Amino acid sequence: VQRTDPGAARAAMIEVRVEASFNHPAAAVWAGLIDHENFLSGAGTRCRLTQHGAPERGGLGAVREVHSGPLRLVEDITLAAAPTHMQYRIRELALARGPRIPFDHELGEIRVLDQPGGCQVIWVSRFSVPVPLLGGWLQRRFAASTRPAFAGFLRRLGRRLDEQLVGATSQA
């Protein structure tokens, strides 16, 4: 997390929340979520792990680098409680070929809740952009692009899981 001036007033946090239902068990959805390179890829976004976690490769302690359009994010996986709860923190936000952007990331969280016939995923991210004059505008822009991106990642995960199920059924 970067702050340009420790004495500056802290910008108000904005929260992005996206929910999706899956017709798959929580364990299958969890496996897709912690496969960061596949989960956080597509539609102009790519991800790679720069440090593996434990006990799963994408679990606690993993560090992922996400490139999305002109932005590069470095994220730490700070909690991985399989198969229901993951937290992460964006420690760096920068232009892909440029300077860091002041960014306070309070919380990144994905919860997987069992429900009849499958599970529900709730993805929350809370952040601020502490930049004088432009911070509020940047926050709204980031939130406006983050919501559909989160929803798209979850839709693609659902399609991948559906394809795996169809493939397993046809092989049986």
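Residues numbered from 1 in each chain as written. Predicted model: local features only at pLDDT ≥ 70, side-chain atom pairs only at ≥ 80, totals over all residues. Heavy atoms only, no water.

**Points about the confidence of the model for the protein**
Regions with low pLDDT should not have their predicted coordinates read in detail. Threshold: Confidence of the predictor at the level of single residues is given by pLDDT, which spans 0 to 100. Every residue pair with non-hydrogen atoms within 4.5 Å of one another is taken to be in contact.
Overall, the predicted model of the protein reaches an average pLDDT of 91, with 90% of residues at or above 70. Scored below 50 in pLDDT, residues 2-9 shows 13 contacts in the model against residues more than four places distant or in partner chains.

**Structural notes on the side chain of E109**
Filter applied, for reference: Per the convention used, a helix needs a DSSP run of H or I reaching at least four residues, while a strand needs a run of E reaching at least two, with both numbered from the N terminus. Contacts described as polar in this section are N or O atom pairs within 3.5 Å, which, within protein, must combine one atom able to donate a hydrogen with one able to accept it, while residues neighboring in sequence count only if both atoms come from side chains.
With respect to the element layout, E109 can be found in strand β6 (residues 104-115). At 2.7 Å, the side chain of E109 and the side chain of H85 are in polar contact. Apart from residues lying up to four places away in sequence, E109 is in contact with H85, M86, Q87, Y88, I122, W123 and V124.

**Things to note about the sheet that holds strand β3 (residues 63-68)**
For clarity, the cut-off: Between any two strands, pairing holds if DSSP finds at least two bridges. Throughout, an axis means a line fitted to C-alpha atoms (over the contacting stretch in the case of helices), and angles, computed between N-to-C directions, take values from 0 to 180 degrees.
The sheet built from 7 strands is open, its strands ordered β1-β7-β6-β5-β4-β3-β2 with antiparallel pairing. Among the strands making up the open sheet, the edge pair consists of β1 (14-22) and β2 (45-51). When the angles between neighbouring strand axes are averaged without regard to direction, this sheet yields 20°. With 6 bridges joining them, β3 and strand β4 (residues 71-81) adopt antiparallel strand pairing.

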